[in-house]
Amino acid sequence: MMKQTLQFDFEQHWTVNVTPVSEAKLQEAADFLQPLATFINDANTPHILDVGCGDGIHSMILSQLDCHYTGVDISTNAVSTAKARMATNVDAAFAIGDALILPFADNAFDAVFSYGVIAYTGAPSQAVAEMMRVCKPGGLVGVWVYPKPKGIPYALLTLTRLLARLAGRKFTRLFIVYPLVVLLPVLPVQSGVSLLNSSWKQCVEVIEVNILPTKLQFPTKVQVTSWFAMSNLTITFDASHRPISLWGRK
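These numbers were taken from a predicted model, which means no experiment stands behind them. (Residues numbered from 1 in each chain as written. Predicted model: local features only at pLDDT ≥ 70, side-chain atom pairs only at ≥ 80, totals over all residues. Heavy atoms only, no water.)

A. Unusual backbone geometry, seen in detail. Positive phi, close to 45 degrees, is recorded for Thr45, a residue that is not glycine. Along the chain, Thr45 falls in the loop between α3 (34–42) and β1 (47–51). In the Ramachandran plot, Asn232 falls in the positive-phi region, its phi being about 60 degrees despite a non-glycine side chain. Within the secondary structure, Asn232 sits in the loop between α9 (221–230) and β6 (234–238). (Helix = DSSP H or I, 4+ residues; strand = E, 2+ residues; numbered from the N terminus.)

Shown next as structure tokens:
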């Protein structure tokens, strides 16, 4: 049931929120992938897996590097968009799949990463364990997770998400999402997307992915570190100045 709910959430999301990728989101993606870019430069055309590839923003960055890219997502709409964005001469493959049961063999990839997605799975530690399973010994595993807000911001976010579930998408857009788009410059959105640098539709996508999906967890850094420890991953990069962004070696 949880998988069906998650799939429905993101099929809807990537049906109504397909937009050109903003420069702000591309820059955020490139910053997150910097440890992976270094790994790729030091390796011999490694095989990379993007868990929860969405509409293909990270594949756009990695298509410029010497690697074999595979993106997997639970949404068929997302995968279709990601495929369409890739040049035909780029070495990339895509698959439909669940982050909790990745459709790949053990030790299939040299590096595996997931940006934000494991927080929506309902079992993020299991998602990390799956990433570990499909990564080769000595390989690189990376995750990005937004930490739990504190105090009043967390209470407001919780209330907003509850109201969105009760109101439905149409009324949520009119009375919650659109007003929040105007406020994006002062909201704690890591991508930096706002009307100052992005289109209205790009801003709507950023808001909706944070308030509409049914399942969304906000872990602490201690929790994410413990997921790495449980999977026997040694942390090699910790972007302490950013939301939880960790890379580790198997």
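B. Highlighting the sheet that holds β1. Ordered by their spatial adjacency, seven strands build an open sheet running β3-β2-β1-β4-β5-β7-β6, and the pairing between neighbours is mixed. The open sheet has two edge strands, β3 (92–96) and β6, and neither has a second partner. In this sheet, adjacent strand axes meet at a mean angle of 20 degrees when their direction is disregarded. Note that strand β2 (residues 68–73) and β3 share five bridges and pair parallel. Counted as the bridge partner of Gly71 is Phe94 from β3. α3 rests against β1, β4 (109–115), β5 (135–145), β6 and β7 (244–249) of the sheet, and its axis sits at about 165 degrees to β4. (Pairing = 2+ DSSP bridges. Axes fitted to C-alpha atoms, helices over the stretch in contact; angles between N-to-C directions. Contact = heavy atoms within 4.5 Å.)

C. Just the packing of helix α7 (residues 151–183) against helix α8 (residues 200–211), in detail. Viewed as axis vectors pointing N to C, α7 and α8 meet at an angle of 165 degrees, and their least axial separation amounts to 10 Å. When the interaxial angle is binned, α7 and α8 end up roughly antiparallel. Note that α7 runs across α8; the crossing there is right-handed. For the contact of α7 with α8, the class distribution of residues is 13 nonpolar, three polar and four charged. (Parallel < 35°, antiparallel > 145°, perpendicular 65-115°, else oblique. Left-handed = near helix turned anticlockwise from the far one by under 90°. Nonpolar A, V, L, I, M, F, W, Y, C, P; charged D, E, K, R; others polar.)

D. Up close: a nonpolar patch on the surface. A cluster of nonpolar side chains, Val182, Leu183, Val186, Leu195 and Trp200, forms an exposed patch at the surface whose accessible area comes to about 480 Å². With respect to the helices, strands and loops of the structure, Leu195 is situated in the loop between α7 and α8. (Patch = residues over 30% accessible without salt bridge, like charges linked within 9 Å, V, L, I, M, F, W, Y side chains within 5 Å. Areas by Shrake-Rupley, 256 points an atom, 1.4 Å probe, with all protein chains shown as cover. Salt bridge = Lys/Arg side-chain N within 4 Å of Asp/Glu carboxyl O.)

E. Layout of the environment of Ala108. Structurally, the position occupied by Ala108 is in the loop between β3 and β4. In this structure the C-alpha to C-alpha distance between Ala108 and Arg133, which are 25 residues apart in sequence, comes to 8.6 Å. Setting aside anything within four residues of it in sequence, one finds Ala108 in contact with His47, Val134 and Lys136.

F. Layout of helix α2 (residues 23–32). Within α2, the full set of buried residues consists of Ala24, Leu26, Glu28, Ala29 and Phe32. Along its buried surface, α2 packs onto α3, α4 (57–62), β4, β5 and β7. (Buried < 20%, exposed > 50% of the residue type's maximum accessible area, 1.4 Å probe, protein only.)

G. Spotlight on the pairing of β1. The buried count for β1 comes to four of five residues, which makes it a mostly enclosed element. Here β1 runs beside β2; their pairing, made up of five bridges, is parallel. The partner of His47 across the bridge, within β2, is His68. Bridge analysis of β1 against β4 gives three bridges, and the strand direction is parallel. Bridge pairing links Leu49 to Val112 in β4.

H. Structural view of empty space enclosed by the protein. Scanning the entire structure with this criterion turns up one cavity of 30 Å³ or more. In this structure, the largest cavity occupies an estimated 80 Å³ of space. Forming the walls of the largest cavity are Trp14, Asn17, Thr19, Pro20, Val21, Ser22, Lys25, Asp55, Ile57, Gln202 and Glu205. Per-class residue counts for the lining of the largest cavity are four nonpolar, four polar and three charged. (1 Å grid on protein atoms, 1.4 Å probe; cavity = no way out; pocket = protein on both sides within 12 Å on 5 of 7 lines; lining within 4 Å. Points joined across faces, edges and corners; volume = space filled by probe spheres on them.)

I. Local environment of the nonpolar core. Ranked by internal contacts, the top residues of the largest apolar core, which has 48 residues, are Leu49, Val51, Val112 and Ile118. Tallying contributions element by element places α8 first for this core, with six residues. Not counting chain neighbours up to four residues away, the residues in contact with Ile118 comprise Pro124, Ala127, Val128, Met131, Val143, Val145 and Trp227. Leu26, Leu62, Cys67 and Phe113 belong to the second largest nonpolar core, which has 25 residues in total. (Core = buried A, V, L, I, M, F, W, Y, C linked by side-chain atoms within 4.5 Å.)

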